[in-house]
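What follows is each chain in one-letter form.
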Amino acid sequence: MTEDKNKYILSINGMSKSFGRNKVLKHIDLNVKPGTIMGLMGENGAGKSTMMKCLFGTYQKDEGVIILDGKEVNFSGPKEALENGVAMVHQELNQCLERSVIDNLFLGRYPKNSLGVVDEGRMKKEASDLFRKLGITVNLTQPMKRMSVSKRQMCEIAKAISYNSKIIVLDEPTAMLDPNGRKEVLAAVHQLNKQENVTVVLITHYMEEVIDADHVIVMDDGHVVMEGTPREIFSQVETLKKYRLDVPQVTLLAHELKQSGVELPDGILTTEELVNALCQ
């Protein structure tokens, strides 16, 4: 079946990647619509991060085609990806902890005025605008080491926005966070998507984090094995277990109740949905 590739901001066709004899990606196809959030799931080693690092230019793919905004691309490295509107926020935070928030945002690319002097006023304005887009306020002069890990993660997201990115890839952004920190970061991501129409690829192994995504892809052993809306994916509990994913407790409970004879719809996503279905 032929699809109109112009309706996608990103298309990956037939991507493969090996490290030595280990074939990590096996002819992957993936499409992302503009202005959406795509959840990319799978256990560790499934190939999620490798695929996105091939997009970002960190790795070079062995086979396949990448189409960005209707044009074929093959970035030689992250710098070229950033210049073309693709940013990636990695799980491991690479920050200068002794320097301020604003320094970390502009390190290596300080804006200068007509006299060639660093324009601190412009830096402060642009930094404030970046955090406003995420729906948060930050002390710009505070050293990074005094900030919570969730706030430091949001600084990395703000830095990604500063490149006027069309697509931001978030690689396990909540992996090192407590539940409150996870909520904070996810709220900022959704704010960015809704207010700025930035396309987001969210790599995660927490299924709860993709409930509000527009589209979900599940990978296993270098293949795309499931694809659909969150409800379509969550309705396949036994298949998710097969791919060793931790099904959210409320979805699992609804599935078990249904198996015991209780009439419930497929793909229950939240506690509220389960309660409402039981009360009908």
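Preceding this section is the structure that the text describes.
Position numbers for residues start from 1 in each chain and track the written sequence from start to end. Given that this is a predicted model, residues contribute local features only at a pLDDT of at least 70 and side-chain atom pairs are listed and counted only at 80 or more, while totals for whole chains, interfaces and linings are drawn from all residues. Hydrogen atoms and water are omitted, and side-chain values are computed over all heavy atoms in the structure.

Structural notes on the packing of helix α4 (residues 120-133) against helix α5 (residues 149-161)
Basically, it comes down to this: Only the stretch in contact is used when a helix axis is fitted, and all axes are lines through C-alpha atoms; the angle between N-to-C directions ranges over 0 to 180 degrees. Strands here are runs of E lasting at least two residues and helices are runs of H or I lasting at least four, both read from the DSSP assignment and numbered beginning at the N terminus. Here the angle decides the label: under 35 degrees means roughly parallel, over 145 means roughly antiparallel, 65 to 115 means roughly perpendicular, and every other value means oblique. The sense of a crossing depends on the near helix, which, turned anticlockwise from the far helix by less than a right angle, makes the crossing left-handed and, turned clockwise, makes it right-handed. Contacts are assigned to residue pairs with any non-hydrogen atoms lying within 4.5 Å of each other. Think of it as three bins: nonpolar holds Ala, Val, Leu, Ile, Met, Phe, Trp, Tyr, Cys and Pro, charged holds Asp, Glu, Lys and Arg, and polar takes everything else, Gly as well.
Viewed as axis vectors pointing N to C, α4 and α5 meet at an angle of 110°, and their least axial separation amounts to 9 Å. With respect to each other, α4 and α5 are oriented roughly perpendicular. Along this stretch, α4 crosses α5, giving a crossing that reads as right-handed. Residues L130, F131 and K133 of α4 pack against M154, C155, A158 and I161 of α5. Along the lines of polarity and charge, the residues of the contact of α4 with α5 split into 6 nonpolar, no polar and 1 charged.

Some thoughts on a nonpolar patch on the surface
Put simply, the rule reads: Only residues above 30% relative accessible area that lack a salt bridge enter a patch, with like-charged residues linked at up to 9 Å and the nonpolar side chains Val, Leu, Ile, Met, Phe, Trp and Tyr linked at up to 5 Å. The Shrake-Rupley method, run with a 1.4 Å probe, gives the accessible areas here. Residue values count only the displayed protein chains as cover. Salt bridges are defined by distance alone: a side-chain nitrogen of Lys or Arg within 4 Å of a carboxyl oxygen of Asp or Glu. Any residue under 20% of the maximum accessible area for its type is buried, any over 50% is exposed, and the rest in between are partly exposed; the area is computed with a 1.4 Å probe on protein chains only.
On the surface, a nonpolar cluster with roughly 290 Å² of combined accessible area is contributed by L115, V117 and V118. Mapped onto the secondary structure, V117 falls in the loop between α3 (101-106) and α4. For V117, a relative accessible area of 46% puts it in the partly exposed group.

Let's talk about helix α9 (residues 249-259)
Residues V250, T251, L252, A254 and H255 constitute the buried set of α9. For α9, the elements touching its buried residues are α7 (230-234), α8 (237-242) and α10 (271-279). Backbone geometry just after α9 places G261 at a positive phi near 115°.

What about the state of the cysteines?
Put simply, the test is: Two cysteine sulfurs form what is called a disulfide whenever their separation falls within 2.5 Å.
Within the structure shown, the criterion is met by 0 disulfides. There is no disulfide at C155, and the cysteine sulfur nearest it, in C96, is 12 Å away. When its relative accessible area of 4% is taken as the criterion, C155 is described as buried.

Side note on the pairing of strand β4 (residues 63-68)
Convention followed: What makes two strands pair is DSSP finding at least two bridges between them.
Two elements, strand β1 (residues 10-19) and β4, share 5 bridges in a ladder whose sense is antiparallel. Each bridged residue has a counterpart across the sheet, and for N13 the counterpart in β4 is V65. Pairing of β4 with strand β5 (residues 71-73), which is carried by 3 bridges, proceeds in the antiparallel orientation. Bridging from a neighbouring strand, I67 pairs with E72 of β5.

Quick notes on the nonpolar core
Operational definition: Take the buried Ala, Val, Leu, Ile, Met, Phe, Trp, Tyr and Cys residues and link them wherever side-chain atoms come within 4.5 Å; each set so joined is a nonpolar core.
Judged by nonpolar contacts, the single largest core of 81 residues is most densely connected at L10, L40, M51, M52, F131, I157 and I168. For this core, the leading source of residues is α5, giving 6 residues. In contact with I157, not counting residues within four places along its chain, are V89, L134, L170, V185, V189 and L192. Among the nonpolar cores identified, the runner-up in size contains 6 residues, and V250, L264, I268 and A277 belong to it.

Topic: the side chain of R152
Selection criterion: The sign given to each residue is positive for Lys and Arg and negative for Asp and Glu; His and the chain ends receive no count.
By secondary structure assignment, the location of R152 is in helix α5. Put simply, R152 is tucked away with no salt bridge, and the nearest opposite charge, on E156, sits 7.6 Å away. Not counting chain neighbours up to four residues away, the residues in contact with R152 comprise L93, Q95, L97, M144 and M147.

Here's the deal with the sheet that holds strand β8 (residues 199-203)
In space, the 6 strands of this open sheet follow the order β6-β7-β8-β3-β9-β10, with mixed pairing throughout. Across the chains shown, the open sheet's two edge strands, defined by having one partner strand only, are β6 (86-89) and β10 (223-228). Looking at each pair of strands side by side, their axes are set apart by 20° on average, direction ignored. Pairing analysis gives 4 bridges linking β6 to strand β7 (residues 167-171), with the strands arranged parallel. Across the sheet, the residue bridging to V86 is I167, located in β7. Taken strand by strand, α5 contacts β6 and β7, and its axis lies near 170° from that of β6.

Examining unusual backbone geometry
A positive phi angle, close to 55°, is found at H27, a residue other than glycine. Within the secondary structure, H27 sits in strand β2 (residues 22-32). In the Ramachandran plot, D221 falls in the positive-phi region, its phi being about 50° despite a non-glycine side chain. A residue is classified by how much of its surface remains accessible, and D221, at 45% relative accessible area, is partly exposed.

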